[in-house]
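So the chains spell out like this:
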Amino acid sequence: MSTRLGMDAKLYRNTGSYGAPTWVEIQNVKDVTLNLEKGEADVTTRANQGWRATVGTLKDASIDFQMVWDTDDAGFTAVQQAFFGNTPLEFAVMD
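Residues numbered from 1 in each chain as written. Predicted model: local features only at pLDDT ≥ 70, side-chain atom pairs only at ≥ 80, totals over all residues. Heavy atoms only, no water.

Caption draft 1: Structural context of the layout of surface pockets. Empty space within the largest pocket amounts to approximately 150 Å³. Lining the largest pocket we find Met67, Trp69, Phe76, Val79, Gln80, Ala82, Phe83, Phe84, Leu89 and Phe91. Broken down by element, the lining of the largest pocket gets its largest block of residues, 6 residues, from helix 1 (residues 74-85). Looking at side-chain class alone, the lining of the largest pocket contains 9 nonpolar, 1 polar and no charged residues. (1 Å grid on protein atoms, 1.4 Å probe; cavity = no way out; pocket = protein on both sides within 12 Å on 5 of 7 lines; lining within 4 Å. Points joined across faces, edges and corners; volume = space filled by probe spheres on them. Helix = DSSP H or I, 4+ residues; strand = E, 2+ residues; numbered from the N terminus. Nonpolar A, V, L, I, M, F, W, Y, C, P; charged D, E, K, R; others polar.)

Caption draft 2: A look at the side chain of Arg13. The residue Arg13 is located in strand 1 (residues 10-14) in this model. Look at Arg13: it is buried, it has no salt bridge, and the nearest opposite charge is Asp73 at 7.4 Å. Every residue in contact with Arg13, bar those within four places of it in the chain, is listed here: Thr22, Trp23, Val24, Ile26, Ala74, Gly75, Ala78, Glu90 and Phe91. (Buried < 20%, exposed > 50% of the residue type's maximum accessible area, 1.4 Å probe, protein only. Lys, Arg positive; Asp, Glu negative; His and termini not counted. Salt bridge = Lys/Arg side-chain N within 4 Å of Asp/Glu carboxyl O. Contact = heavy atoms within 4.5 Å.)

Caption draft 3: Just the nonpolar core, in detail. Ala9, Leu11, Ile26, Val29 and Val32 form the largest nonpolar core, which has 5 residues in total. Setting aside residues no more than four positions away along its own chain, Ala9 makes contact with Val32, Val93, Met94 and Asp95. (Core = buried A, V, L, I, M, F, W, Y, C linked by side-chain atoms within 4.5 Å.)

Take a look at the structure:
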């Protein structure tokens, strides 16, 4: 297993369509973090003989990153316009 540092993570945005994605690296980012979480439900019964039992439920993911304010940068402009225009963007986080 190889080890990767968070500072080596790269953020890509889809400039194509969902069916035919074109992944373009956004180079104007730093501190890219992919957060993955899973909820859990208690399924303890008397058959567990006093041991708590849980199962995974809904998953949640978020991406945290910082960008330098650069209106000449296409990646920054796309993120800015999507934010203020309430339009979706597709991202991929890769190491």
